Amino acid sequence: MKAAYIQNGAVHVGEMPDPIPGMGQALVRTHSCGMCASEAHFLHSGETIIGLSKIHGGPYAGLDFSRPFVPGHEYVGEIIDYGPGSKRTVKPGRKVTSIPIMRQSGAHAIVGFSHDCPGGFGEYMLLDEDMMLEVPADLEDDLAAMTEPLAVGLEHARRGRPDKDDVVLVMGCGATGLGVIAGLKLMGIAPIIAADLHEGRRALAIAMGADIVVDPRGLSPYGPLPDLGERRANLIYECVGLPGLLQQVIAGAGFGARIVMGGYCMEPEQLLVFAAQNKRLNIQFAGGEEPQDMELALHAIADGRVDVRPWLGTRIGLNGVAAAMGDMSNPIAPIRTVVDPRGL
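Draft legend 1. A look at the packing of helix H4 (residues 175–186) against helix H5 (residues 199–208). Axis separation between H4 and H5 bottoms out at 9 Å; the angle between their running directions is 20 degrees. Considering the angle they form, H4 stands roughly parallel to H5. Relative to H5, H4 is oriented so that their crossing is right-handed. Residues Leu178, Ile181, Ala182 and Lys185 of H4 form the contact with H5, whose own contacting residues are Leu204, Ala205 and Met208. The class makeup of the residues in the contact of H4 with H5 is six nonpolar, no polar and one charged.

What follows is the structure in structure tokens.
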């Protein structure tokens, strides 16, 4: 199959072996796959993450950075066939997405970060049939591919256990932060403050349901805000993932605040624990999405409760992957570039 793959910290395009499904596995032809910042981070920090996973455990321990692997974990595709002995939960020809986890045939891997489970930057994938969700036939492929990134934000939002008395601050308005805002809005939580350095991202936050946006260079998002009668955020979602930012949140948060760490920081982080103890802070580390989050995300996109169309930028073929991945840190880059592996 044709694929864009990562090897030794660089993106290449070429032929990779066609995956062969085992029992409980579906062979899927990729239609669309979103490009996540975690893939760009892996280009630069992959060896470090793999090494730390080998020491401390983690889902990347099985990766060899010198061997090619096909990324892409935000996908929608068409069922082609199943491995022998499978339950065949969705009929061939139907479209599906899934949590990017494989737990069949003795495998436990992350789709797109595995040598055995190629991701959506290739023409074909293997998916765990127990993880798949059937996608409505009339839902556009690029919108359906946003199910997984939206689901991550929904998971993070509920991890904070928000209630009607909370004043919420979302730090960072990339896909994760926007998904958190959407999740909070679905739960009826207000007010929602969103902080980002870039005007375009702040505008997207308003479109997703934020009530107030702040440029943190001009106004501290942690302190009392005039628009809220001098109330301050007591529930803070860190959705950036840069080293040092969690410590900044700890320093800025008020006494008794709750912090949800949702930003994926792939580098070691230093914290002054004493500062968090003095304020009696509660820090919750959020992870990936769960089945309930995927189901809610897919249904909310399909029925229009969450409009992810503003997230979408350029649709590219495989030859555009390296340049698009290199441009992801640009603040004017779209929230999601979508890869169509059927085109070069």
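Here the narrative resumes, following the displayed structure.
Draft legend 2. The arrangement of the sheet that holds strand E13 (residues 235–238) in detail. As summarised here, the arrangement of the six strands in space is E12-E11-E10-E13-E14-E15, forming an open sheet in which the pairing is parallel. Edge strands, defined here as strands with exactly one partner in the open sheet, are strand E12 (212–214) and strand E15 (282–285). Averaged over all pairs of adjacent strands, the angle between strand axes in this sheet comes to 20 degrees, irrespective of strand direction. Across four bridges, the pairing between strand E14 (residues 258–261) and E15 is parallel. In the strand pairing of E15, Met261 is matched with Phe285.

Criteria and cut-off values
In every chain, residue numbers begin from 1 and rise along the written sequence. Restriction of local features to residues with pLDDT of at least 70 applies here, the model being predicted, together with a cutoff of 80 or more for giving and counting side-chain atom pairs; totals for whole chains, interfaces and linings are based on all residues. Side-chain numbers come from the whole structure's heavy atoms, not from hydrogens or water. To define axes, lines are fitted to C-alpha atoms, for helices over the stretch in contact only, and angles between the resulting N-to-C directions are given on a 0 to 180 degree scale. Helix numbering and strand numbering both begin at the N terminus, where a helix is a DSSP run of H or I of at least 4 residues and a strand a DSSP run of E of at least 2. Comment on the angle field: the value is read as roughly parallel under 35 degrees, roughly antiparallel over 145, roughly perpendicular from 65 to 115, and oblique elsewhere. Each crossing gets its hand from how the near helix is turned against the far one by less than a right angle, where anticlockwise is left-handed and clockwise is right-handed. Contact between two residues is taken to exist if any of their heavy atoms lie within 4.5 Å; hydrogens are not considered. Three classes are used: nonpolar for Ala, Val, Leu, Ile, Met, Phe, Trp, Tyr, Cys and Pro, charged for Asp, Glu, Lys and Arg, and polar for all others, with Gly counted as polar. Pairing between strands requires that DSSP locate at least two bridges from one strand to the other.

Function-wise, these values are silent; they only describe arrangement.
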